[in-house]
Amino acid sequence: MTMIQAITCDTDICIALYVGQPGQVPELIRLGAQRVGWDVDRLDGPHRCPSCHRNGESVLEAGECPACRGRTTTLRHGEACQYCGHVLPPLPDELDDEDPTDD
Ligand SMILES: [Zn+2]
Ligand SMILES: [Zn+2]
C-alpha cells in the first residue's frame, strides 16, 4: 500500500490541503508545497497555505486546486483558484468543445 503524504494548513477554519505524489518522500512534498506558495519553513509548524500566507484568507470551500484544494473558477482558458490564484491549464477535451468554424 502506497502512503501519500499531505500537508494541511494550520489556520483553524482553513481546509487547505497539499497532497504529494504517491511514494514521494516528505521532504520533496514540502518543497513542492513551497513552490506553490505554502509557508512550511518550520518543520513542526505552524504551516500556512498559500492563501492564508499571502492574502490572510482561509480556504473555506473545497475544489480542484492542486496547490491548496480550494475552489476554482472557470476562466476563458482554464481555471484559477479563488483562494491562492493558482491557474490550471484547460483540459484537452475542453478545447475541442469550441467550434469556431461554425458558420
Ligand atoms: Zn490556510
Ligand atoms: Zn489554490
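Refer to the preceding data block for the structure.
Being a predicted model, the structure only gives us computed values, none of them experimental.

Calculation criteria
- Residues numbered from 1 in each chain as written.
- Chains lettered and ligands numbered in written order.
- Predicted model: local features only at pLDDT ≥ 70, side-chain atom pairs only at ≥ 80, totals over all residues.
- Helix = DSSP H or I, 4+ residues; strand = E, 2+ residues; numbered from the N terminus.
- Contact = placed C-beta atoms within 7 Å.
- Core = buried A, V, L, I, M, F, W, Y, C linked by C-beta atoms within 7 Å.
- Buried ≥ 20, exposed ≤ 12 C-beta atoms within 10 Å, placed from the backbone.
- Pairing = 2+ DSSP bridges.

Trainee: Break down the overall build of the protein for me, with residues and values.
Mentor: A count of helical and extended segments in the protein gives three helices and five strands. Of the regular secondary structure in the protein, the N- to C-terminal order runs β-β-α-α-β-β-β-α. Once local pairs closer than 6 in sequence are excluded, the contacts in the protein between residues at least 24 apart make up 34%.

Trainee: Before we move on, can you summarise the nonpolar core with the specific residues and values?
Mentor: With 17 residues, the main nonpolar core has Cys-49, Val-59, Cys-68 and Cys-84 as its most contacted residues. Ignoring any residue separated from it by four or fewer positions in sequence, one finds Cys-84 in contact with Gly-37, Cys-49, Pro-50, Ser-51, Cys-65, Ala-67, Cys-68 and Gly-70.

Trainee: Outline the sheet that holds strand S4 (residues 78–81), listing residues and values.
Mentor: Within the open sheet, the three strands sit side by side as S3-S4-S5. Their pairing is antiparallel. Strands at the two margins of the open sheet, each flanked by one partner only, are strand S3 (72–75) and strand S5 (87–88). Pairing between S4 and S5: two bridges, direction antiparallel. Residue pairing in the sheet places Ala-80 in a bridge with Val-87 of S5.

Trainee: Can you break down unusual backbone geometry residue by residue, with the values?
Mentor: Backbone torsion omega between Gly-45 and Pro-46 reads 0°, so that peptide bond is classified as cis. Of note, Pro-46 is situated in the loop between helix H1 (26–35) and helix H2 (50–55). Positive phi, close to 65°, is recorded for Arg-69, a residue that is not glycine. Mapped onto the elements of the fold, Arg-69 is located in the loop between H2 and S3.

Trainee: Account for the environment of Leu-31, with residues named and values stated.
Mentor: Structurally, Leu-31 is set in helix H1. Separated by 11 residues in sequence, Leu-31 and Gly-20 have C-alpha atoms that sit 10.0 Å apart.

Trainee: I'd like a description of the pairing of S4, backed by residues and values.
Mentor: A one-sided burial pattern is seen for S4, the buried positions being Glu-79 and Cys-81 and the unburied ones Gly-78 and Ala-80. As judged from the four bridges shared by S3 and S4, these two strands associate in the antiparallel manner. Bridge pairing in S4 links Thr-74 to Glu-79. Counting the residues between successive antiparallel strands, the hairpin from S3 to S4 contains two residues. Linking S4 to S5, which pair antiparallel, is a turn of five residues; within it Gly-85 sits at a positive phi near 85°.

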